[in-house]
Structures are given as C-alpha cells and as structure tokens.
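Structural overview
Listed here are the chains, written in short residue letters.
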Amino acid sequence: RLLRVQEILAATMASVRRFCKDLRPSLLDDLGLIDAIDWLSSDLQNRTGISVKLEVLGERQRLDERIELLIFRVVQEALHNVEHHAGANQVDVGISFDNGNVIVSIADNGRGMSSFGPPVETGLGLRGMDERTKLLKGTLIIESKPGRGTKIILVVPLP
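So, a few notes on the structure that sits alongside this text. (Residues numbered from 1 in each chain as written. Predicted model: local features only at pLDDT ≥ 70, side-chain atom pairs only at ≥ 80, totals over all residues. Heavy atoms only, no water.)

1. With respect to the sheet that holds strand 4 (residues 139–144)
Across the sheet, which stays open at both edges, the five strands sit in the order 1-2-3-5-4 with mixed pairing between neighbours. On the outer flanks of this sheet lie strand 1 (51–57) and strand 4, each paired with one strand and no other. Strand after strand, the sheet turns through a mean of 10 degrees between neighbouring axes, direction not considered. Pairing between strand 2 (residues 90–98) and strand 3 (residues 101–108): eight bridges, direction antiparallel. (Pairing = 2+ DSSP bridges. Helix = DSSP H or I, 4+ residues; strand = E, 2+ residues; numbered from the N terminus. Axes fitted to C-alpha atoms, helices over the stretch in contact; angles between N-to-C directions.)

Have a look at this one:
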C-alpha cells in the first residue's frame, strides 16, 4: 500500500513540475520562441508518441517577450487540443518569418471538427487562442473537416 502511495506522489510531483514549466518556461526567456516551441513539441512527442515535426522558415529572430509569450501560448493550446481531442498521430508545426509577419501553423491528421462557430461559441481553448490573437493584433484561421484533421494558422504582424 505504501508503494502505491509513493507512485501516486511521484506522479503528482512530475505533474506539478510540468505545470510550473508550462506557466513560464525558462527556455522562452533564455533561448526564445523557436526553442521553446521545439521543447513543447518534443515534450508532446515523448509523453504521447504523437509524431511532431517542426519546420522554421525565414531568418529566425527574437521578438518582444510579450509577443513571444502570446505566440507560445497559442501554440501550447493548439498542441494541447491535438493531444486531448484530435485523436491524431502526426502534427506539423511551422513557423515562418516573412514580410514583417510571423506565421505559425499547427496541422494535425486527427478526426477534425464537424462544425464550429467563432471561437467565442466554442471551447475555452479556442476562445483563449482568439483572445491572444487579438492582443497580438493578428489573425487566427481555423480549417477543419471531419476525418481530415485540423489546421490552425496564426498570422502576427511584427512592429
């Protein structure tokens, strides 16, 4: 019985550590957005077995810390949705620095969504992504079809 309690405690401690890292990963401050998203992708792949491919196009650049955090949160929520709702085994994450914009895409091969309205009418995750996009003065595009996966595109104009 004591061994079982120790196992539960160890699992709880691991969860608390993961939550703390998720709140504000030091990688974001130390190394920037790309490496933080790479860590997020690797973590998802290691924990779930979902294959994650990250592709970066254009000249990498550090952004304002507020912009990096908001973009990171959108990607984090999108990957959370893939893990918990999509039933996917593959997700492609793309980050492109192009013509004064950062364009982030997250595309999975999961079950997709049969219908969805504006993010305000859907779950908290999409609503949070929409609110962060507004703070970034960006555009959020969600493309999804049943059985064909979901693709989320975030376009953020750089100051």
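2. Focus on helix 3 (residues 33–48)
Since the α-helix packs 3.6 residues into each turn, any two residues three or four apart lie on the same face. With 16 residues, helix 3 ought to run about 22 Å at 1.5 Å a step, and its terminal C-alpha atoms sit 22 Å apart, in line with that. Regarding helix 3, the residues found buried are Leu33, Ile34, Ala36, Ile37, Leu40, Ser41, Asp43 and Leu44. (Expected span 1.5 Å × (residues − 1). Buried < 20%, exposed > 50% of the residue type's maximum accessible area, 1.4 Å probe, protein only.)

3. Section: the pattern of salt bridges
As enumerated under the stated definition, the model contains five salt bridges in all. In this structure, arginine 47 and glutamate 83 form a salt bridge, with 2.9 Å as the shortest nitrogen-oxygen distance. Pair noted here: arginine 47 is in helix 3 and glutamate 83 is in helix 4 (residues 65–86), with a separation of 36 residues, a long-range link. Relative accessible area serves as the criterion here: at 36%, arginine 47 is assigned to the partly exposed category. Several salt bridges converge on common partners, so that one network encompasses Asp43, Arg47 and Glu83. (Salt bridge = Lys/Arg side-chain N within 4 Å of Asp/Glu carboxyl O.)

4. Regarding the layout of surface pockets
Roughly 230 Å³ of internal volume is contained in the second largest pocket. If you go around the second largest pocket, you meet 13 residues; those closest to its centre are Asn81, Val82, His85, Met113 and Thr150. Of all the secondary-structure elements, those providing two or more residues to the lining of the second largest pocket are helix 4, strand 3 and strand 5 (150–157). The biggest single contributor to the lining of the second largest pocket is helix 4, with five residues. Residue composition of the lining of the second largest pocket, grouped by class: seven nonpolar, four polar and two charged. (1 Å grid on protein atoms, 1.4 Å probe; cavity = no way out; pocket = protein on both sides within 12 Å on 5 of 7 lines; lining within 4 Å. Points joined across faces, edges and corners; volume = space filled by probe spheres on them. Nonpolar A, V, L, I, M, F, W, Y, C, P; charged D, E, K, R; others polar.)

5. Thoughts on unusual backbone geometry
With a phi close to 50 degrees, asparagine 99 is a non-glycine residue in the positive phi region. Inspection of the secondary structure assignment puts asparagine 99 in the loop between strand 2 and strand 3. Its identity as a non-glycine residue notwithstanding, lysine 137 has a phi of 55 degrees, on the positive side. Within the fold, lysine 137 resides in the loop between helix 5 (124–135) and strand 4. The exposure class of lysine 137 is exposed, given its relative accessible area of 70%.

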